[in-house]
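# Geometric and topological summary
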Amino acid sequence: MNQVAAKLSLREITEAVMIQEEELRKGGGPKGHDRQHKLGRLTARERIVRLIDEGTGFFEMGLWAGYRMYPEVGEVPAAGLVAGVGMVHNRPCMIIANDATVKAGAFFPQTCKKMIRAQRMAFENALPIIYMVDSAGAYLPMQDEVFPDEDDFGRIFRNNSVLSAAGIPQYAAIMGNCIAGGAYLPVLSDKILMTEGSGLYLAGAALVKAAIGQDIDEETLGGATTHAEISGTIDFKEKNDETCIDRLRRLTDLLPMDRWGWCGELPNAKDAARDPQDIYEFVDAHGRKEYDTRDLLNCVIDGGSFDEFKADYGKTLVTGYARIGGHAVGIVASQRKRQEAANKGLQIGGVIYTDSADKAARFVMDCNQTGIPLLFIQDVVGFMVGRDSEHEGIIRSGAKLVNALSNAVVPKITVVVGSSFGAGNYALCGKAYDPRFIFAWPNAKYAVMGAAQASGVIFSIKKRAAEEEARKHGHELDHDELEALRKAVYDRAEETTDIRHGAARGWVDGLIAPHTTRDVLITALGLVTRKTPEARYKTGVLQT
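Report follows, based on the coordinates. Given the structure is predicted, the values throughout are model-derived calculations rather than measurements.

Before going further, it helps to examine the environment of Asn 90. Of note, Asn 90 is situated in the loop between strand 2 (81-88) and strand 3 (91-98). We classify Asn 90 as partly exposed; its relative accessible area is 34%. The spacing of Asn 90 and Thr 56 is 34 residues in sequence and 9.1 Å in space, taken between C-alpha atoms.

Dropping the structure here:
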């Protein structure tokens, strides 16, 4: 971390990251927007604003996807795909829109992963999906990274089929290009809309000419009129984006409210005991200051609703039942304040000991027994190490917690508010343990270990290699050279620990301002408590 960043407060870091997010939302920038408008089309975000209910907002996921991951082609904001939950006639829908202002909406590796994540969210939370298709297809220079694997392009179409069989409505609106393998997405959906001037084909006119020598214009090959009148592939031909979106809204309004409606905050909700803005006063951005996680919880949960579970045992994890926006939830939260443990002495905050692991495992099992969703709040540096901890069976206790978590069937939500290191990330429901949603504060750190510890280990290895190489050339590394190497190693470790690095790769679904945590969780709990469809064998809707 550079010296300037190290001095910033939590509020200042949050404000800086939120400014960056505004830039990401601009997609391809003014030139890309102008190009889209000249084609008579809206941008992805303009389409979403027109689609969702006025004044309801958009619960966006994966905004940081692809961030700084493809330097050879420049920036690919949000991986060229906008995804999130929006209300359409008071029905929460997963909306997935290609951003044609970013590399013509082409699919990069992270674009595929982001769409697959959005489809999974829709399946688990019983959300209808609205696809707004405007994409040139796979980004061919990286075709080997988007084509064959289980989290690549083909998985999207497999998911279309599974979602349909599970009864999740899928509406696809072709509002621009829809080319090659990407053409399967709308045709595997329940209803297909297509605007005039758009194209739907496995191969464009130029490729058809090269492949079979046939001369044909793109409109005749795969335009809206062709697919409405000749192939019969589409269900609705629309004049432009505006009429297409209006039709999407009317179709969504046909979904029965008792199955697809939205409850949001429950009538029995109470305000939090503390102002969420207080978080900035007692949480240090860099983990240098202790805080009592109960103070944090009082800024998030409904006032007076917390029933702490085993409050006097396993104190470095706080567990208990609460309500957030009226929704019942079980909480497992890191305690960052040092604790005095009976017969064990002082325990370090942010560390998981055998007693806290045992308590959390028991609590996770109890929430599953009673069907209560789980919320994990991570500010964890890992499990305790050393002779005493090993003799107490820390590995056995950690395995017990991981086992209980792995087999949990209730919805899980995770918020990373500080450190998320090593096995602590696993034990408190990191991405590998299937949280329905996982969010992080802008100050969060996500790695096997902290930058200082990791860089120390890496530096010692690189130092030996550099000294050996220097001796081969009759040279000894001086102090300045070693310090330059040390700094380079530390800076790299700090960069990869930064939560934006993890968010770019989809390890978290979004970065949230600390004071919005309660509001975000109310929305998330309203979504995860919807009934997940049961998987069963059937083919779903097939186009004829």
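Moving on from the model shown.
A separate point is helix 12 (residues 241-253). For helix 12, spanning 13 residues, the distance from its first C-alpha to its last is 18 Å, which sits close to the expected 18 Å at 1.5 Å a residue. Turning to helix 12, its buried residues number three or more, namely Asp 241, Cys 244, Ile 245, Leu 248, Arg 249, Leu 251 and Thr 252. Buried residues along helix 12 cover an arc of 165° about the axis, so they all sit on one side. Where helix 12 begins, the capping side chain belongs to Asn 240, and its oxygen is found 3.1 Å from the backbone nitrogen of Glu 242.

For Arg 336, the position within the fold is in the loop between strand 11 (327-334) and strand 12 (339-341). Side-chain polar atoms of Arg 336 contact the side chain of Asp 379, separated by 2.7 Å. Those residues within four positions of Arg 336 in sequence are excluded, and the remaining contacts are Gly 287, Glu 290, Tyr 291, Gly 349, Gly 350, Asp 379 and Ser 419.

All chains considered together, the criterion is met by 15 aromatic pairs. For the pair Phe 59 and Phe 437, a centre-to-centre distance of 6.1 Å together with 70° between the ring planes defines the contact as edge-to-face. With Phe 59 in strand 1 (residues 58-61) and Phe 437 in strand 18 (residues 437-440), this residue pair connects regions lying 378 residues apart in the sequence. Look at Phe 59 and you get buried, because its relative accessible area is 14%. On the numbers, 5.9 Å between centres and 35° between planes, the contact of Tyr 446 with Trp 507 is tilted. Here Tyr 446, found in strand 19 (residues 445-447), pairs with Trp 507, found in the loop between helix 22 (499-504) and strand 20 (510-511); they are 61 residues apart in sequence, far enough to count as distant. Through pairs of rings, three or more aromatic residues link up here, namely Phe 107, Phe 153, Phe 157 and Tyr 184. Above the plane of the ring of Tyr 280 lies Arg 11, whose end atom (NZ or CZ) is 4.1 Å from the centre.

Definitions and limits used
Residues numbered from 1 in each chain as written. Predicted model: local features only at pLDDT ≥ 70, side-chain atom pairs only at ≥ 80, totals over all residues. Heavy atoms only, no water. Helix = DSSP H or I, 4+ residues; strand = E, 2+ residues; numbered from the N terminus. Buried < 20%, exposed > 50% of the residue type's maximum accessible area, 1.4 Å probe, protein only. Expected span 1.5 Å × (residues − 1). Arc of directions from axis to C-beta. Polar contact = N/O pair within 3.5 Å; in protein donor to acceptor, adjacent residues only side chain to side chain. Contact = heavy atoms within 4.5 Å. Phe/Tyr/Trp six-rings, centres within 6.5 Å; stacked < 30°, edge-to-face > 60°. Lys NZ or Arg CZ within 6 Å of the ring centre and 35° of its normal.

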